[in-house]
Every structure is written in structure tokens, then in C-alpha cells.
Amino acid sequence: MAKEVFLRQSSGLVRDVSPWPSMLANWALITGGTPLLIISWLWLAPGANWALAYLITLIPTLGMAFLYYVAAASMPRAGADYVFNSRAIHPAVGFANYWGLFIAFVLSQGFYSYLGASWIGYLFTGLGLYYHSSYLLSIGSFFSSKLGRIIWGLLVGTLITSAIAFSTRFHWRFVLITGIISVIANIIMFIALLEINPSVFSNVLSSFSGISNATQSVISCAESNGLKFYPVIYATLLASPAVWYYYSWYNVPASWSGEMKKVRFNVFLSIVVAIILSAVYYILFTQLNLDSFGAKFLTSYSYLYYKKCCCGLNITNPLICNLSSIGAFTPFFALLVLGNPILYIIMFIAIWLPNYYSGPPLVVGLSRYLFSWSFDRIMPSWMADVDERFNAPLKSIILITILSAIGVIMYAYLPILSLVDVTVAFEISYAIFALSVALMPFLRRELFETAVIVKRRILGIPVISLIGFSTFSFLVYITYITWGNPVLLPVNLPTILSLVFMYGSGFAIYYIAKLINLRKGVDVSLVFKEIPPE
């Protein structure tokens, strides 16, 4: 059957991906860019015990990660999570779900490529403020400008990032080396933060700014502008939606499981262990920053920065006005206290490098989704062409490069795109996947019995169904409590229309592809009755 319905009898991909670089890739995909979000969004849950919030949300996240582990280990092919989803209940649902997620990933790739220059801007702006250098400040200002973001986004964030993904072996060596550098830089950053306490920081900040009791002035200003600190339990529960988002993106390694060595161990390490390590990292990063600079100050600072720079309110606090160009970039605060520019640069590397080196693995993952759709005859056959020299689908990677470049330009010149929130696409797609896995033992019993590696039952109910229904319920709850949140999940017409387009176009593409193949004498529905060949 494989010879008749699938694109060809062999994928042409090589199992060349070792466990450790794969795990480091996912650690970067999960945590890359998140440290700045963590500090910027502290005001979403004023008074929270963030370590507890990470641990509470980790439980359902591990449940979801387990489902992706089962999918990738059971069907280790290119785009394994899509392959599993499309065979779990109905191929149209599986494809439309991953088509929507694919668009969200591509938009995010363009967005982070465009904003990547901002973090370079923070580096130079911080040095400029510290040394009172107009030259360094001008460099920082350039990278924060539209032109600077476009140049960086196209050349570094898109072209160089995609070029790294061309050669499979070079790509994974790059990930391993940059991953190790990132881990070392973060360890140094954590040690440096241990040398700082709120009292010393407050005195240094007052001396630097010329504002008496500068940290308290920020706290008082925030409270007078509406910030309220809640009881710890309530605030901790408020933190769960943000924490859930911090944990997302962990499904991507499933997309390259068709190229993994030691598949089960590799997938477990890349998805489940990576999530646990990310939780440890988040707890350490958040707690050390709160302990170093003061929880109330950082929460108030993030609140006032959001109100001034994102909402356009007239915040008159002089410290917020003077530091608005540096954002919630806490390495600058550490520079003020420690006075060590080398440590400052290392802390910048610790925060910036995981965000950058997560780009090539994302390109790899997205190209493997295109590959798998082509193999299932939904997309053109050329998307599954494998270059023998690089062991990679170069045509698909080039297409991802073009789409990412378009995303950079769109974010620069279409302001309405910034109103579209793709976070909801992650919640919807993860929820659909969880529900599909939960229903599979009942709707596709034969495939469940022959292909799925976890068949254990509790009280007659498959374990994957129990976990799937539980995580689906959690995701519905998270979506419900964040619906309308102006930061996490704003409800607006562009977002609603984009969701209709993303998932609606997925269903349309599937049925058009099915009709085209029927005219060629190929019944696409037969493809989804079995697993693609290796």
C-alpha cells in the first residue's frame, strides 16, 4: 500500500540527530526570549509566588509533553506530531490543526526576527547609559528603529538563520556549541545575581538616577496609577496563564523525530526532560532577579513601563522616563551594581543567545511539517525533495526563509499585524491535539493497538485518554480565564478573523488536495490508515 498511496517508499532523511543537541534545541525554543517577557509581565500577577506558579503549571504541561512523547516515539517520522494527529481521529482535523499551528510558528519566526534587533539595542543602550556615551546610545537607538529591525531581521534573523539549517550535520553542531555556551553564560549570570541584594541596588539606583529612594518612588508611582498587590495564593493562580505560555513550543522536536538516533530516549530527553530543565531555569531566573532587585520594585517597574510604552499613558516618574529605552532588561541593573561590563555582556549573551540559536531548529521543524504534508500528498511533491549532500529538504527550507522574510516586512509595515495574537493558536492547537490523542483509542482502535507505544489502562480507560482529556480540560480553562486579556489573549476583530482564516484554509487545502488526487486515481484517505515509510 505504501508504494501506491505515499509519495515514495522511503523518506530519504537520515537518522543523524543525537539526543543532547536535540534537547538543547528545545530548551532554547522554550526559553528563548522568555526571560525578558518574565520581567516585563510580572505586573500580570502582583504578589505571586512565581516559583510555586511554575511548579503548579508544570504538572499539566508535563501531561501534554507526555502526549507529544508518545506521538513522536510511536510514529517517529518527519512531522511526527502532525502524523499522529492526522491519524488519531480524522486527517482533515489533523492537517487543519497543524496548518494553523504552522502559520502561528511562521508569524512568530518573522516577529522574533524583526524584534531580535531590539535586544541588541538594549545591549548598546545599557552601555551608553552607564558610560554616558551618546555614540553607544545612537547605536542602541538604530537597532531599535524600524530600519535597524528590518536589516537585522532579514540578514541575521532570516537569511543566516535559515542558512544554518541547510546542512543537517552543521546545524546540530551549531546547536550543540551555542547551547553549551548559553548554559555556561546562564550559570555565570546566576552566580553574579547572588552578589546583589535590594538594599544595595536601591542605593546604587538612587545614586545613578539622582532620585532619592528611587525604588520606592517607582513602587509608590505604580500603586498610585492603579497597581494592586494581591494575596499570594490568588496572585499565584493569576500567574498560571503567563507561565503556560512560557512553557509552550515544546512540541517542535517531534517534527524532527524521523531523523533522531535512539528515538525513544531522544524524544523523552528532547521534550519531557527539556520541559523540566526549563522549569528549573525559570524558577532560578525569576527568583534570583526578584531577590536581587526586589519583587515589588520589578513588578511596579514592569507595570509602569507597560502603561507608558504600550498604553501611551502619561507616566511622570523620572526613572521610568529616563530608562524607557532599556525596557525590563535587568542585566543593566546588575551593571549598575557590579560595575563590570564583561559580566554585563555575558548576562546579555545568557538571555539573547538561546533566543537566536532557537531560530535554526524552528526552521528545521517547519520544513519537516512541509515535508510530511508533501509525503501525505496534501502539498506539492517538491517540498519533500531531499538534497543528498545536506540530507535536508532544501526547497522547503528556502520556502520557510521566504515566508519568514515576508513576516519581517509585514510586521514593519502593517501595524494591524501587531494586533493579531497568535498565542490563542498555540492554545487551540495544543488542545485539539490533546483531545485527538484522548479519542484515538476509541475512534481508531486498531491503529492504537498496533502503533501506540503506551497501551496501559486504568479502570479500563487508556492512560493516554486520561491524560489527554485532563490536559484538554486544563487548556480550555486557561483559554477561558485569559480570554480578553490585553497582553496574553486580546480579543479583537483581526485576531478572530485570522483564526477563521488559519484553520478554515487548512480544511479547504485538505479537501482540495483530496479532490486533485482523486482525479489522479489516488485515494488520499488511504494514506492516513497507516504510518508513512521511513
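To keep things clear, this report deals only with the structure shown in the data block. (Residues numbered from 1 in each chain as written. Predicted model: local features only at pLDDT ≥ 70, side-chain atom pairs only at ≥ 80, totals over all residues. Heavy atoms only, no water.)

**A closer look at the overall build of the chain**
Argument step 1. When its secondary structure is counted, the chain shows 24 helices and two strands.
Argument step 2. Computed over C-alpha atoms, the radius of gyration of the chain comes to 24 Å, within 12% of the 24 Å expected from 2.2 N^0.38 for 534 residues, which places it in the range of a compact globule.
Argument step 3. Principal axes of the C-alpha set define a box for the chain whose edges measure 80 × 50 × 45 Å.
Argument step 4. Within the chain, the fraction of its 534 residues that count as buried is 60%. (Helix = DSSP H or I, 4+ residues; strand = E, 2+ residues; numbered from the N terminus. Rg over C-alpha atoms; globule rule 2.2 N^0.38 Å. Buried < 20%, exposed > 50% of the residue type's maximum accessible area, 1.4 Å probe, protein only.)

**Some details on the environment of K261**
Argument step 1. Mapped onto the elements, K261 comes out in the loop between α13 (240-247) and α14 (263-293).
Argument step 2. Sequence separation of K261 and P494 is 233 residues, and the distance between their C-alpha atoms is 43 Å.
Argument step 3. For K261, the residues in contact, after removing those within four places along its chain, are R15, D16, V17, S18 and N266. (Contact = heavy atoms within 4.5 Å.)

**Some words on empty space enclosed by the protein**
Argument step 1. Taken as a whole and judged by the stated rule, the model has three cavities of 30 Å³ or more.
Argument step 2. By volume, the largest cavity is sized at about 290 Å³.
Argument step 3. Taken together, 22 residues form the lining of the largest cavity, with G32, Q109, Y112, N355 and S358 sitting closest to its centre.
Argument step 4. Sorting the residues of the lining of the largest cavity by element identifies α2 (19-31), α3 (34-40), α6 (91-131), α8 (146-166), α13, α18 (341-357) and α19 (359-375) as the ones contributing at least two each.
Argument step 5. Broken down by element, the residue count for the lining of the largest cavity peaks at four residues, all from α6.
Argument step 6. Among the residues making up the lining of the largest cavity, the classes are represented as twelve nonpolar, ten polar and no charged. (1 Å grid on protein atoms, 1.4 Å probe; cavity = no way out; pocket = protein on both sides within 12 Å on 5 of 7 lines; lining within 4 Å. Points joined across faces, edges and corners; volume = space filled by probe spheres on them. Nonpolar A, V, L, I, M, F, W, Y, C, P; charged D, E, K, R; others polar.)

**What to know about the environment of Y82**
Argument step 1. Structurally, Y82 is set in helix α5 (residues 80-88).
Argument step 2. Taking the C-alpha atoms as reference points, Y82 and S404, 322 residues apart in sequence, are found 21 Å from one another.
Argument step 3. Ignoring anything within four residues of it in the chain, the contact list for Y82 reads G94, F95, Y98, Y369, S372, W373, D376, I378 and F528.

**Topic: the nonpolar core**
The nonpolar side chains of a soluble globular protein tend to be buried with one another.
Argument step 1. W50, Y246, F297, F332 and W373 are the most contacted members of the largest nonpolar core, which totals 192 residues.
Argument step 2. Take this core: its biggest share by element is 19 residues, from α6.
Argument step 3. In contact with F332, not counting residues within four places along its chain, are G126, L129, Y130, F208, L323, I326 and Y344. (Core = buried A, V, L, I, M, F, W, Y, C linked by side-chain atoms within 4.5 Å.)

**Some points on the packing of α18 against α19**
Angle between the axes and distance between the axes: these two values describe a pair of packed helices.
Argument step 1. Axis separation between α18 and α19 bottoms out at 4 Å; the angle between their running directions is 20 degrees. If you check the angle between α18 and α19, you find them roughly parallel. Counted together, N355, Y356 and Y357 of α18 and G359, P360 and P361 of α19 form the full contact between these two elements.
Argument step 2. Across the contact of α18 with α19, the residue classes break down as four nonpolar, two polar and no charged. (Axes fitted to C-alpha atoms, helices over the stretch in contact; angles between N-to-C directions. Parallel < 35°, antiparallel > 145°, perpendicular 65-115°, else oblique.)

**Concerning the environment of S182**
Argument step 1. Relative to the elements of secondary structure, S182 occurs in helix α9 (residues 168-193).
Argument step 2. C-alpha separation for the pair S182 and I349, spaced 167 residues apart in sequence, amounts to 7.0 Å.
Argument step 3. Of the polar contacts made by the side chain of S182, one reaches the backbone oxygen of T178; its length is 2.9 Å. (Polar contact = N/O pair within 3.5 Å; in protein donor to acceptor, adjacent residues only side chain to side chain.)

**Here's the deal with the side chain of N85**
Argument step 1. Here N85 is to be found in helix α5.
Argument step 2. Overall, N85 belongs to the buried group, its relative accessible area being 0%.
Argument step 3. A distance of 2.8 Å separates the side chain of N85 from the side chain of N97, its partner in a polar contact.
Argument step 4. When sequence neighbours within four positions are dropped, the list of residues in contact with N85 reads H90, G94, N97, Y98, F433 and S436.

**A look at a nonpolar patch on the surface**
Argument step 1. On the surface, F442, L443, I458, L459, I461, L466 and F469 cluster together into a nonpolar patch covering about 690 Å² of accessible area.
Argument step 2. Counting residues per element, the ones that place at least two in the nonpolar patch are α21 (423-443) and α23 (463-482).
Argument step 3. Structurally, the position occupied by L459 is in the loop between β1 (457-458) and β2 (461-462). (Patch = residues over 30% accessible without salt bridge, like charges linked within 9 Å, V, L, I, M, F, W, Y side chains within 5 Å. Areas by Shrake-Rupley, 256 points an atom, 1.4 Å probe, with all protein chains shown as cover. Salt bridge = Lys/Arg side-chain N within 4 Å of Asp/Glu carboxyl O.)

**Overview of α5**
Argument step 1. Extensive coverage of α5 is indicated by the burial of nine of its nine residues.
Argument step 2. Among all positions in α5, only A80, D81, Y82, V83, F84, N85, S86, R87 and A88 are buried.
Argument step 3. The secondary structure elements touched by the buried residues of α5 are α4 (50-74), α6, α19, α21 and α22 (445-451).

**Considerations on the side chain of T31**
Argument step 1. Here T31 shows up in helix α2.
Argument step 2. Residues in contact with T31, not counting those within four places in the same chain, are S278, Y281, Y282 and P354.

**Section: the pattern of salt bridges**
Argument step 1. Throughout the structure, instances matching the rule amount to six salt bridges.
Argument step 2. Between K395 and D385 there is a salt bridge; the shortest N-O distance is 2.8 Å. Here D385 lies in the loop between α19 and α20 (394-413) and K395 lies in helix α20, a separation of ten residues in the sequence.

**Quick notes on unusual backbone geometry**
Argument step 1. The backbone phi angle of W249 is positive, close to 85 degrees, even though this residue is not glycine.
Argument step 2. Of note, W249 is situated in the loop between α13 and α14.
Argument step 3. Notably, N391 is not glycine yet its phi reads approximately 55 degrees, a positive angle.
Argument step 4. Positionally, N391 belongs in the loop between α19 and α20.
Argument step 5. Of the residues examined, N391 reaches a relative accessible area of 19% and is grouped as buried.

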